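Spelled out, the chains give:
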Amino acid sequence: MPSMLEARKVRMEYERRDGSKVLAIDDFTLDVHKGEFVSFVGPSGCGKTTFLKIVNGLMPPTSGDILLQGRPIEHSSRDRAMVFQEAALFPWFPLWRNIGYGLECAGMKRPEIRKRVKPYIELVGLSGFEDVYPYELSGGMQQRANLARALVVDPQVLLMDEPFAALDAQTREMMQAELLDVWGQTQKTVLFITHQINEAIYLSDRVLVVSARPGKILDDVKVDIPRPRGLDVKRSAAFRDIEDHVWRLIEEQARITMARTKTHRDEDGAALEV
Ligand code: ADP
Ligand code: MG
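**What to know about unusual backbone geometry**
- Look at the link from R213 to P214: it is a cis peptide, with omega at -5 degrees.
- Among the structural elements, P214 can be located in the loop between β9 (206-210) and β10 (217-222).
- The linkage connecting R227 with the following residue, P228, adopts the cis geometry, with an omega of 0 degrees.
- As for its position among the elements, P228 is in the loop between β10 and α8 (237-259).
- Of note in this structure, K9 is not a glycine but carries a positive phi near 50 degrees.
- With respect to the helices and strands, K9 occurs in strand β1 (residues 3-15).
- Here K9 falls in the exposed class, since its relative accessible area comes to 57%.
- One non-glycine residue, A88, lies in the positive phi region at around 45 degrees.
- By the secondary structure assignment, A88 is in the loop between β6 (80-83) and α2 (95-99).

**Remarks on the sheet that holds strand β5 (residues 71-72)**
- Strand order in the open sheet formed by 4 strands is β2-β1-β4-β5, with antiparallel pairing between adjacent strands. Looking along the sheet, the strands with just one partner apiece sit at the ends: β2 (21-33) and β5.
- Judged from the 5 bridges that link them, β1 and strand β4 (residues 63-68) form a sheet pairing that is antiparallel. In the sheet register, E6 faces β4, and the bridge partner there is L67.

**Observations concerning the sheet that holds strand β3 (residues 37-41)**
- Here we have 6 strands laid out as an open sheet, ordered β6-β7-β8-β3-β9-β10, and mixed in their pairing. Each edge of the open sheet carries a strand with a single partner, namely β6 and β10. Going across the sheet, the axis of each strand differs from the next one's by a mean of 15 degrees, ignoring polarity.
- Relative to strand β8 (residues 189-193), β3 runs parallel, the two being bridged by 4 bridges. The partner of S39 across the bridge, within β8, is F192.
- Against the sheet, α8 contacts β3, β9 and β10, and its axis sits at roughly 170 degrees relative to β10.

**Re the packing of aromatic side chains**
- This structure, assessed with the given rule, holds 11 aromatic pairs.
- Here the aromatic rings of F37 and F192 are separated by 5.7 Å at their centres, their planes lie at 45 degrees, and the arrangement is tilted. Separated by 155 residues along the polypeptide, F37 in strand β3 and F192 in strand β8 bring together distant segments of the chain.
- The exposure class of F37 is buried, given its relative accessible area of 0%.
- These aromatic residues form a ring-pair network of at least three members: F37, F164, W183 and F192.
- Lying across the ring of Y202, K234 places its NZ or CZ 5.0 Å from the centre.

Rules of the game
Residues numbered from 1 in each chain as written. Chains lettered and ligands numbered in written order. Predicted model: local features only at pLDDT ≥ 70, side-chain atom pairs only at ≥ 80, totals over all residues. Heavy atoms only, no water. Helix = DSSP H or I, 4+ residues; strand = E, 2+ residues; numbered from the N terminus. Buried < 20%, exposed > 50% of the residue type's maximum accessible area, 1.4 Å probe, protein only. Pairing = 2+ DSSP bridges. Axes fitted to C-alpha atoms, helices over the stretch in contact; angles between N-to-C directions. Contact = heavy atoms within 4.5 Å. Phe/Tyr/Trp six-rings, centres within 6.5 Å; stacked < 30°, edge-to-face > 60°. Lys NZ or Arg CZ within 6 Å of the ring centre and 35° of its normal.

The values are spatial; any link to function lies outside them.
This is the structure in structure tokens:
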């Protein structure tokens, strides 16, 4: 299988406003194949978001190589789309214009946008809501719109940073199943960050466990559970075995993170090192 994404010894050091340095990730080395669904789990502040931002081209790493389809990533581009926890829809745009926003930015005319967004609105189950405004949509529907907005520009790679974290438990489970359905239909390569171990396993081909900061890949756990996966696979013995394994690794890392943190938080919400 060809590599969609290659990261070789990627390291990212930030400089805080007071001049002190934070080594967020160190020696991130991994390959993601075309069409793969890969999740990252790890304690807060271990550099997961940092890595996704680098892949998105929002900032270069301090050192190391990062290649998309064999070419170095130098800036953001429509071949990568990011989906965040907050849907961040424009309240003054109806659904179809929110979903088509990327196309509008690229200069496409509105009648053409309306046509282009239609299959994506269908794909995420929002047909009939084209002219509805965001405030009329539930959290789950807003997150579906968010996904459609990322997909409509037809990216090669979807970068999802805790996209379901703000949803209630039931909606979240439904969204996981729907995301797998959409992924099955679109064949996108997905990098997905979550704090929920069972969400990571349920969705992924591989779960990458990231160590406490500075983040390194501690383990690359293959999820050998056949697809399509119904939500009931979460109760199978094979699933539970993987969950136990990942849980043990994370627990250890979370303990390291907790031991070195104070109770206050920096502006990114990550706990500060003593
Ligand atoms: P995660 O997403 O795993 O919670 P992040 O990638 O957001 O972790 O952050 C990793 C570390 O880098 C944290 O200690 C965080 O405080 C620090 N960090 C993130 N962004 C910045 C920044 N812009 N400037 C300085 N430090 C940062
Ligand atoms: Mg994060």
